[in-house]
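Coordinates in review
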Amino acid sequence: MASSTLSLENEVFAKFTFYAGVILLKTVFMSIWTARYRIPRKVFITPEDYGGNYNKALTTDPDVERVRRAHLNDLENVLPFVLLGFFYVLSGPDAWTATLLFRLFTGFRILHTIAYVFVIPQPARGICFLAGFIINVMMAIQIIKAGKY
Ligand SMILES: N[C@@H](CCC(=O)N[C@@H](CS)C(=O)NCC(=O)O)C(=O)O
């Protein structure tokens, strides 16, 4: 029954809630991390952020852009994970497999951010991205199989 599936008494849903919470929190904090790079470099996104100096030429900074891209990449991957994970839980997966997928996704996305922001040479970031991507695809296939009529 869907009502008991979406209960924290369901081990798979509880694990999903935990890992989705962790990776969403990390994603949310990417904004703060971007600001932490912006403020000391005085690189802002709109003229009013320069304290009313509307003539100030807007610039970009490679480090700020890097954190911004890491944040965008999270949005491209973490949001699908949360949506797919929700339906995946409803599909009644094996608890051990599901927990492994949630754990690996969360770990690889944290590593993706580290690799991106701290400029770890490729293919480190590519591997982290690919691992998360494959997990999302695996969950999507399971959902489609479970939901087909
Ligand atoms: N929107 C991504 C799609 C492909 C992707 O996510 N690639 C990974 C591994 S190379 C990545 O970290 N891309 C860098 C980024 O999105 O800024 C892009 O334009 O690169």
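Before going into details, it helps to say that this report is about the structure given with it. These numbers were taken from a predicted model, which means no experiment stands behind them.

1. Points about the pattern of salt bridges
Under the criterion given, the structure shown has six salt bridges. Among the salt bridges present, the one from Lys15 reaches Glu11, with a minimum N-O distance of 3.1 Å. Of this pair, Lys15 and Glu11 both sit in helix α2 (residues 11-41), separated by four residues, roughly a single helical turn. Classification of Lys15 by relative accessible area gives partly exposed; the value is 24%. Owing to a relative accessible area of 44%, Glu11 belongs among the partly exposed residues under this scheme. In this structure, Arg68 and Glu65 form a salt bridge, with 3.3 Å as the shortest nitrogen-oxygen distance. Of this pair, Arg68 and Glu65 both sit in helix α3 (residues 62-90), three residues apart, which is roughly one turn of that helix. One salt-bridge network, held together by shared partners, links Lys26, Asp74 and Arg109.

2. Description of the environment of Thr27
Of note, Thr27 is situated in helix α2. Thr27 sits in the buried class, given a relative accessible area of 5%. C-alpha of Thr27 to C-alpha of Thr113: the two residues are 86 residues apart in sequence and 9.5 Å apart in space. With residues up to four places along the chain from it excluded, the contact list for Thr27 reads His71, Asp74, Leu75 and Val78.

3. Remarks on the site of the ligand
All residues in the neighbourhood of the ligand are listed as Arg69, Asn73, Glu76, His112, Tyr116, Gln122, Arg125, Gly126 and Phe129. Within the side chain of Glu76, a nitrogen or oxygen atom sits 2.9 Å from a nitrogen atom of the ligand. Contributing elements (two or more residues each) for the shell around the ligand: α3, α4 (95-117) and α5 (124-147).

Basis of the calculations
Residues numbered from 1 in each chain as written. Predicted model: local features only at pLDDT ≥ 70, side-chain atom pairs only at ≥ 80, totals over all residues. Heavy atoms only, no water. Salt bridge = Lys/Arg side-chain N within 4 Å of Asp/Glu carboxyl O. Helix = DSSP H or I, 4+ residues; strand = E, 2+ residues; numbered from the N terminus. Buried < 20%, exposed > 50% of the residue type's maximum accessible area, 1.4 Å probe, protein only. Contact = heavy atoms within 4.5 Å. Near = heavy atom within 4 Å. Polar contact = N/O pair within 3.5 Å; in protein donor to acceptor, adjacent residues only side chain to side chain.

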